[in-house]
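For reference, the chains in residue letters:
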Amino acid sequence: NLLSGSLLNSTMKLERLSTFEMGSNLLTGRVDWASPSPSLLLIDFGYNDLTGAFGSPQLHNLRYLMSLDLSHNNFHGSFNQSLLISSMKAFSNAFTGPLAQPGNSSITIDLHSNQLSGSLPVVSSDMQSMVLSDNMFDGLIHPHFTNSCVVFDVSRNHVNGSIPSVMAQSLE
């Protein structure tokens, strides 16, 4: 599509809104995360030119949210909220600071090409894909790495140490 302009703050607050897909458009402006509809299952704002700091305490009220796509925008600030969602894509933004431990229900996380730093999060037993490349993470890969993870990309960071034994065994 070629939808342009800014999102109306009231749109996210529509009481019965469950799917909000506005990806791959020409949308601009700030997103107001103040009080999104608690019935949202999916938010897709990927591939636009949206700005603003991500998050607010009200995001924890989105107990049904399963998928969040903020990729290829200009969101900034810290990404230190642990959301219990199955799919989160927020790559190619300007997020900074440490990353909160993903919730146990997170299956796919793609936060590559930001400015995230600090220690790598622990990969939960349900995690299938964690892409954190092109950030500024440092330290070690957690020794209790789970073998359920199919994609684990921490390339182009400052990670050091040895490969956990469970990962080494799966490479054999």
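In short, a report on the structure.

## Observations concerning the pattern of salt bridges
Then, in step 1: Under the criterion given, the structure shown has two salt bridges.
Then, in step 2: Asp32 is paired through a salt bridge with Lys13; the nearest N and O atoms lie 3.9 Å apart. Here Lys13 lies in the loop between strand S1 (4-6) and strand S2 (19-21) and Asp32 lies in the loop between strand S3 (26-30) and strand S4 (42-44), a separation of 19 residues in the sequence.
Then, in step 3: Taking relative accessible area as the criterion, Asp32 reaches 23% and is therefore assigned partly exposed.
Then, in step 4: Asp134 is paired through a salt bridge with Arg156; the nearest N and O atoms lie 2.7 Å apart. A residue pair is termed long-range when its members are at least 10 positions apart, and Asp134 in the loop between strand S12 (129-131) and strand S13 (136-139) and Arg156 in the loop between strand S14 (151-153) and strand S15 (158-159) qualify at 22 residues.

## A short note on the sheet that holds S2
Then, in step 1: The seven strands are arranged S2-S4-S6-S8-S10-S12-S14 in an open sheet whose pairing can be described as parallel. Unpaired on one side and paired on the other, S2 and S14 mark the two borders of the sheet. Between one strand and the next, the sheet's axes are offset by a mean angle of 10 degrees, whatever the strand orientation.
Then, in step 2: Pairing between S2 and S4: three bridges, direction parallel. Considered in S4, the bridge of Phe20 is made with Ile43.

## As for the side chain of Asp110
Then, in step 1: The topology assignment puts Asp110 in strand S10 (residues 108-110).
Then, in step 2: Buried charge without a partner: Asp110 forms no salt bridge, and the closest opposite charge is Lys89, 6.8 Å away.
Then, in step 3: A distance of 2.6 Å separates the side chain of Asp110 from the side chain of His112, its partner in a polar contact.
Then, in step 4: Not counting residues within four places of it along the chain, the set of residues in contact with Asp110 comprises Met88, Lys89, Ala90, Phe91 and Val131.

Calculation criteria
- Residues numbered from 1 in each chain as written.
- Predicted model: local features only at pLDDT ≥ 70, side-chain atom pairs only at ≥ 80, totals over all residues.
- Heavy atoms only, no water.
- Salt bridge = Lys/Arg side-chain N within 4 Å of Asp/Glu carboxyl O.
- Helix = DSSP H or I, 4+ residues; strand = E, 2+ residues; numbered from the N terminus.
- Buried < 20%, exposed > 50% of the residue type's maximum accessible area, 1.4 Å probe, protein only.
- Pairing = 2+ DSSP bridges.
- Axes fitted to C-alpha atoms, helices over the stretch in contact; angles between N-to-C directions.
- Lys, Arg positive; Asp, Glu negative; His and termini not counted.
- Polar contact = N/O pair within 3.5 Å; in protein donor to acceptor, adjacent residues only side chain to side chain.
- Contact = heavy atoms within 4.5 Å.

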